[in-house]
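Read off the chains here:
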Amino acid sequence: MQPATLVPVTTGVQLNVSQTGTGEPLLLIMGTSGSLGLWEPLVAPFADHHRVIAFDNRGLGQSQRGDGPITVLSLAADAAALLAALEIERAHVLGWSLGSAVAQELALAHPDRVGGLVLYATWGRTDGFMRAMLTALGHPWATGDMEAALTALGLAFSPELLNSPDLESMMEQFRPLFPQTETQIRTTAEQWHADEGHDTLDRLAGIAAPTLVIAGEQDILTPPWQCRAVAERIPGARYELLTGPGSSHALMLERADEFSALVLSFLQEHPPH
């Protein structure tokens, strides 16, 4: 991944942005609590075919927090403003978890800016199961209990990885990519609230972009039934369920080669112009 730079956007913040590769633009929108370094396993294969744009959502990584509430809509406005600042008229968009909710709102508000749309670990409306999960995951961030917060993030991984002897070294490698400062911790608590408030289910039929929805059989944060409900509401959307070991909420990390091949194959079928 190329060195990142701060890009001023019209929503009043500077966003930390890394760009790699050439070709049709591909915007990567990160999930809750993560910074752009989590995309690292996918950047090289994507950059062989695309101009890959990864960025830190406001208040995380090296991006400024700025003013105003953090909602899915405000984060979508940031993403649209970033594309404008980079003078990108139209891009493919891949969103993970919270990033997939942001990608939905981006595609609804700015259909002219979105080519192919990939929604991974997604949902259209928070149900009772997800609300319980989000409350449990968000609580330690709100109280500042970082040990509990980072331990609970293990729910994003598969049982196989959580029981692997490699887990501890992997988590040490990832730890710097998660919130380090008081502002980042507070921002993450706001992101969990944004997750809970996300609701596009009755508007998804308005998404015109060719759409791929990817779900993981082992994903308990955004379960497959949530992903399928999104795919069923978007006209012509393709639904892919990955099964077996590593099919977790973090399957892009656990099964990076398979995930990147699936995404690239779809995007090659749907050029953005």
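Residues numbered from 1 in each chain as written. Predicted model: local features only at pLDDT ≥ 70, side-chain atom pairs only at ≥ 80, totals over all residues. Heavy atoms only, no water.

(A) The arrangement of the packing of aromatic side chains in detail. Under the criterion given, the structure shown has 4 aromatic pairs. Aromatic side chains W39 and W96 sit 6.3 Å apart centroid to centroid with 70 degrees between the ring planes, which places their arrangement in the edge-to-face category. Of this pair, W39 sits in the loop between β3 (24-29) and α1 (40-47) while W96 sits in strand β5 (residues 91-96); the two residues are 57 residues apart in sequence, bridging distant segments of the chain. Here W39 and W96 have matching classes, each one buried. Between the aromatic rings of F129 and W225, the centroid separation amounts to 5.6 Å while the plane-to-plane angle is 70 degrees, which identifies the pairing as edge-to-face. In this pair, F129 is assigned in helix α4 (residues 128-143) and W225 in helix α9 (residues 224-233), connecting sequence segments 96 residues apart. A relative accessible area of 48% places W225 in the partly exposed class. Through a chain of ring-to-ring contacts, three or more aromatic side chains come together here, namely W39, W96, Y120 and F259. (Phe/Tyr/Trp six-rings, centres within 6.5 Å; stacked < 30°, edge-to-face > 60°. Helix = DSSP H or I, 4+ residues; strand = E, 2+ residues; numbered from the N terminus. Buried < 20%, exposed > 50% of the residue type's maximum accessible area, 1.4 Å probe, protein only.)

(B) Representation of the nonpolar core within the structure. Ranked by internal contacts, the top residues of the largest apolar core, which has 96 residues, are L27, W39 and L82. Element by element, the count of residues in this core is highest for helix α2 (residues 72-85), at 8 residues. (Core = buried A, V, L, I, M, F, W, Y, C linked by side-chain atoms within 4.5 Å.)

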